[in-house]
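For reference, the chains in residue letters:
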Amino acid sequence: MTGPPPVRVEKALALMPELEALAPLRALLVSIARPDEATVWSSSGPYLTLGKRGVHPDELRRRMPQAFQRITEHLQALFKAYVEALECQQRADAAGVVLALLGAGRLEEEVGRHTQARTWYEVALRVAETLQDRRPEVEVLRALGYVCVALGEHAASARHFQRSLALAEAEFDQAGATAASEGLGDVAVAQGQWGGAQAWYSRGLRLAEAASDAPHAGRLERQLGVLARKQRDLAAAGEFLRRARERFEAAGPPDEMARVLNEQGRLDAQLGRYTAASAAYREALAWAQRAPRDARLELSIRLNLAELDLEAGRLLEAEAELRRAEQVAIGGHVLRPLAQIYTLMGRLRGAQGDETGFVFFEQAIELAKAVERSVATEAQVYHAYGLFRSRLGQQDEARAYLERARELFDSLGEAVERERVEAELRALSA
Amino acid sequence: MIPPVRMEPSVPSAVPSREALALLRILVVAGEGGSASGLLQNLRQWADDGRLEIDTAPDLPRAVRQLSGQRWDVVLAVLGEHPDDDLSWWVDTLRGATGSPRLIAVAQAPSMGLVLRAEKSGVLDVLALPLRREELVRALERVRSVVSETAVPLPLVEPHAVGPYALVGQSAAMLDVYKLLARVAGSSATVLVQGESGTGKEVAARAIHMNGPHASGAFVAVNCAAIPENLLESELFGHEKGAFTGAVTRKIGRFEQAGNGTLFLDEIADMSLALQAKILRAVQEREIERVGGSETIPVDVRLIAATNRDLKEAIKQGRFREDLYYRLAVVTIRLPTLGERGDDLVLLTAYYVRLFAQRYGKKIQAISDRALGLLRAHAWVGNVRELRNVIERAVIVATDETLRAEHLPDELRGEEATLADRPQGGLLTLAEAEARHIARVLAHTNGQIGAAAEILGIHRNTLTRKMKEYGL
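Peer 1: Provide a residue-level description of the overall build of chain B, including the pertinent values.
Peer 2: For chain B, the count of helices and strands is 19 helices and 22 strands. Taking contacts inside chain B between residues at least 6 apart in sequence as the whole, the part at least 24 apart equals 75%.

Next up, the structure:
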């Protein structure tokens, strides 16, 4: 091949300041990065991570117009939403104003700009609060609740959902009350409060069933299935998932069916039914293919499949699945799950007794800090890193990493995870 | 020191492996929102000779359910509005299906790009709608020819074990390597092993270590390209607790770990110039300092370095220190590529089949003529490492005593010539030949249009236009 070699992503990103305006360029750079064929087969090939992929400036320049087009389209859509809001204002249609502003917020959320989305929703809320009809306010509060979950602001999120629920009930808006109950359940899950989550989801389910809202009921049954599995009530989990599946099988949205099957796979895996779990994940992928492209959903399924293979000792299959997941994440610029992907890669190398596998944990920590900005993820990576070191007989380092994980879980108030780490530490000392 | 590889005489005896006229089980899957009934009717009308068993699935998810339950030979799938996406989903789906069924994709006016991608992914054929009888029948005949592969017994190989690896091969190129390894092992000289990726540089380094004066010490391998630059120094020289953020405990580096043994520095060309200077000092002075430490620690290690790059070229470009090069390249061993090793491919295949058959509890005694042909025809960019990988996967999916073409990865199966089945007797149209050549050059340049245009001798705008025209 002629021409100079590609620039490594780690070096390319080091040259790019952390500016909001450069975010689309950063996304483009990452999405076109790839390993060259010779590197894939070199002895460092099995340890390839995002940072070690290569980028050609020439290709980046060539692809820039596509990025500009996407930015322009996004801005056009935002401006259009604003003009729509303005026209509604002119017609004294305040509900229309709220709807247009909500639309703009959702556009921001779709491209991962959660802070900007919240700003749109806050403007929408100010308008909604002036309305006689409280249903637009219920909807805006729900949108705010979800965007706060995405931003990790759980207390604020719970406040928005609570208010949304109170207003919906006052307005006899059953769909609004169901959605707010679901949102409250989601916040409780995000905070590890499973009992609370179960109560909210059950309440939502009762409301959805009373309103014959099948899609909503199916979703809540899946969530209840997840909770039951987490609390090791596997029979109840199976029953919830069976009911959800029945609701979606006939005419439900394919992405919901994919989610139910993804969860069914996790349940089967927990029950030690490898073949059934694998079949459920594969069918889930097929349903996901029928739905509008959702890289996060696909990644979730692929990661579960990889973990299943890893736990069953099918290391080659696990690695192949993880590499596919990595490609989906990088190609679709869904970088958050990368930390999880590399943590699993590290676990896989640990299972092979390969000390150089530590490079994956190092990359995962870097991503958890710089990209995902999630203390919870960082703590999980340190936990797995500690176990990796322990497996290789490096007890001092193992203890240090587990202590770091405990410290991080402490800071989050994550009692369940903290206890798991504590147990590992006790086992190390013994 | 390295005994020659012994091999039992291998006279391939052809034995029929399956019934040539076996029943074919075909699953027909409609496209999104479409119906498979027309297709099914045609299929039954055109190809019903009593040797086909046909069933349908209304969509991909239901097809997955059917595929997980039973064994199918062929999936005939209608691609939807996004044929490229659909094709990659199908390829992915069939990877995990029982019995590795072959895919025949059906699409409205398939582009040249789709056909080439399908070939690369091991898809048996891409047929255009409306279906033509002769095309479908020809595709099914190809499946039948696959079913009638002939088994060839695997030769017996007695390799020379080198740690977890082995030296296998009797080619002239490898015999030269063995002689050089034997000569150099007895001394303590620093050795530079050069060779393309996957040629076995670490295996050679281990052989030197195990047959040399440092054999009683440890063999410590460091992959310089795998480890992030900011961690490599502490990995090599160790660090004191608190030397930097993340230095949670004192760490003994690889130089110290390899004390009285051998330190193998793989992919040494990937090291920064600053670190190269530190390595040079360690080689010259035979002492190191841990990161964040002030104590000078003497080290007695034999150093073996390896690279797949041209270090002299790197020196010219100012990316590798000349003084370090001469310190490392006291003796240089160049390993041949798999392509340069002729029939070693068969010996290596036999060796790996047995190795992995034992590991995965399989009883594989033979390889089919077609599978062997595919292995011989493949361009092994990753050399022995790639072959090892391919054989391991094949052994995992194999279900009887013969390794067949269907057990090989899609990429290899996709390379199999399909041109002979073409109505023109394998001759391409000018456009087809051009599209294939452009695709090959683009693959060679890793998709870089500028570099590809340069190789093709055309302007990049012309290349972009042609790529668009052919759907590449």
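Peer 1: Any details on helix α4 (residues 57-90) of chain A? Residues and values, ideally.
Peer 2: All names here are of chain A. The end-to-end C-alpha distance of α4 is 48 Å, a good match for the 50 Å that 34 residues give at a rise of 1.5 Å each. If you check which residues of α4 are buried, you get Glu59, Ala81 and Ala85. Among the structural elements, α2 (23-32) and α5 (94-110) are those in contact with the buried residues of α4. Taken from the residues just after α4, alanine 92 is the one with a positive phi, measuring 60 degrees.

Peer 1: Outline the domain arrangement of chain A, supporting the account with residue identities and numerical values.
Peer 2: Residue and element names in this part refer to chain A. In terms of domains, chain A is made up of domain 1 (254-334) and domain 2 (336-430). A separation of 22 Å is found between the C-alpha centroids of domain 1 and domain 2. Residue assignment for the side of domain 1 that touches domain 2 shows that the elements contributing at least two residues are α15 (295-311) and α16 (315-331). Here the side of domain 1 that touches domain 2 gets seven residues from one element, more than from any other, and that element is α16. Here the residues of the side of domain 1 that touches domain 2 are counted per class, giving ten nonpolar, no polar and three charged.

Peer 1: Can you break down the packing of helix α12 (residues 234-251) of chain A against helix α13 (residues 254-270) of chain A residue by residue, with the values?
Peer 2: Residue and element names in this part refer to chain A. Taken N-terminus to C-terminus, the directions of α12 and α13 make an angle of 155 degrees; their axes are 10 Å apart at the nearest point. Taken together, the axes of α12 and α13 lie roughly antiparallel to each other. Of the two possible hands of crossing, α12 and α13 adopt the one that is left-handed. Contact residues: Leu234, Ala237, Gly238, Leu241, Ala244, Arg245, Phe248 and Glu249 in α12; Glu256, Met257, Val260, Glu263, Gln264, Leu267 and Gln270 in α13. Its residues assigned to classes, the contact of α12 with α13 comprises eight nonpolar, three polar and four charged.

Peer 1: Hey, could you go over the interface of chain B and chain A for me, with residue numbers and the actual values?
Peer 2: Contacts between the two partners involve 40 residues from chain B, matched on the other side by 31 residues from chain A. Broken down by secondary-structure element, the contributors of at least two residues to the side of chain B that touches chain A are α2 (60-69), α3 (83-95), α15 (383-397) and α18 (449-456) of chain B. Here the side of chain B that touches chain A is built from residues that sort into 15 nonpolar, 14 polar and eleven charged.

Peer 1: If you had to explain the sheet that holds strand β4 (residues 52-57) of chain B to someone new, which residues and values would you point to?
Peer 2: All names here are of chain B. Spatial ordering of the open sheet is given by β4-β3-β5-β6-β7, a layout of five strands whose pairing is parallel. Of all the strands in the sheet, the pair left with one neighbour each is β4 and β7 (125-129). Strand-to-strand twist of the sheet, defined as the mean angle between neighbouring strand axes without regard to direction, takes the value 20 degrees. Strand contacts of α3: β5 (74-78) and β6 (102-108), with the helix running at about 165 degrees to β6, the strand carrying the most contacts.

Peer 1: Account for the nonpolar core, naming residues and giving values.
Peer 2: Core analysis: the biggest nonpolar cluster contains 251 residues, and Leu101, Tyr121, Ala124 and Val140 of chain A together with Ala77 and Ala105 of chain B have the highest contact counts within it. Apart from residues lying up to four places away in sequence, leucine 101 of chain A is in contact with Ala85, Trp120, Val123, Ala124 and Val127 of chain A.

Peer 1: I'd like to hear about the domain arrangement of chain B, residue by residue, with values.
Peer 2: How big an interface is tends to be stated in terms of accessible area lost as the parts join. Residues and elements named next belong to chain B. As assigned here, chain B comprises domain 1 (18-148), domain 2 (172-335), domain 3 (342-409) and domain 4 (428-470). Distance from the C-alpha centre of domain 2 to the C-alpha centre of domain 3: 33 Å. The partner domain 3 presents six residues to the six residues of domain 2 that form the contact. Split by residue class, the side of domain 2 that touches domain 3 holds one nonpolar, four polar and one charged.

Peer 1: Any chance you could break down helix α19 (residues 375-391) of chain A for me, citing the residues and the numbers?
Peer 2: In an α-helix there are 3.6 residues to a turn, and that puts residues three or four apart on one side. Residues and elements named next belong to chain A. Taking 1.5 Å as the rise per residue, α19 with 17 residues should run 24 Å; its terminal C-alpha atoms sit 24 Å apart, in good agreement. Across the 17 residues that make up α19, a large majority, 13, are buried. Of the residues one or two after α19, glycine 393 is the one with positive phi, at around 80 degrees.

Peer 1: Explain the confidence of the model for chain B to me, using residue names and the numbers behind them.
Peer 2: Residues and elements named next belong to chain B. Summary statistics for chain B give a mean pLDDT of 83 and a share of 88% for residues scoring 70 or more. Of the regions scoring below 50 in pLDDT, residues 1-20 engages in 45 contacts with residues more than four places distant in sequence or in other chains. Across the predicted assembly, pTM comes out at 0.84 and ipTM at 0.78.

Peer 1: Mind laying out the sheet that holds strand β16 (residues 262-266) of chain B, listing which residues take part and the relevant values?
Peer 2: All names here are of chain B. With respect to topology, five strands assemble into an open sheet ordered β13-β16-β19-β12-β20, the strand pairing being parallel. Of all the strands in the sheet, the pair left with one neighbour each is β13 (219-223) and β20 (331-334). Strand-to-strand twist of the sheet, defined as the mean angle between neighbouring strand axes without regard to direction, takes the value 20 degrees. Pairing between strand β12 (residues 191-194) and strand β19 (residues 302-307): four bridges, direction parallel.

Peer 1: For the pairing of β16 of chain B, give the residues involved together with the corresponding values.
Peer 2: Residue and element names in this part refer to chain B. In terms of residue burial, β16 counts as a mostly covered element, since five of its five residues are buried. Judged by which residues are buried, β16 turns out to be covered on both faces: Thr262, Phe264 and Asp266 on one side and Leu263 and Leu265 on the other are all buried. As paired elements, β13 and β16 share five bridges and run parallel to each other. The partner of phenylalanine 219 across the bridge, within β16, is threonine 262. Where β16 lies against β19, four bridges are found, and the strand directions are parallel.

Peer 1: Describe the environment of glutamine 394 of chain A, naming the residues involved and giving the relevant values.
Peer 2: Counting through the fold element by element, glutamine 394 of chain A comes out in the loop between α19 and α20 (395-412). Separated by 317 residues in the primary sequence, glutamine 394 of chain A and alanine 77 of chain A place their C-alpha atoms 55 Å from one another.

Cut-offs and rules
- Residues numbered from 1 in each chain as written.
- Chains lettered and ligands numbered in written order.
- Predicted model: local features only at pLDDT ≥ 70, side-chain atom pairs only at ≥ 80, totals over all residues.
- Helix = DSSP H or I, 4+ residues; strand = E, 2+ residues; numbered from the N terminus.
- Contact = placed C-beta atoms within 7 Å.
- Expected span 1.5 Å × (residues − 1).
- Buried ≥ 20, exposed ≤ 12 C-beta atoms within 10 Å, placed from the backbone.
- Domains from an automatic or database assignment.
- Nonpolar A, V, L, I, M, F, W, Y, C, P; charged D, E, K, R; others polar.
- Axes fitted to C-alpha atoms, helices over the stretch in contact; angles between N-to-C directions.
- Parallel < 35°, antiparallel > 145°, perpendicular 65-115°, else oblique.
- Left-handed = near helix turned anticlockwise from the far one by under 90°.
- Pairing = 2+ DSSP bridges.
- Core = buried A, V, L, I, M, F, W, Y, C linked by C-beta atoms within 7 Å.
- pLDDT = per-residue confidence, 0-100.

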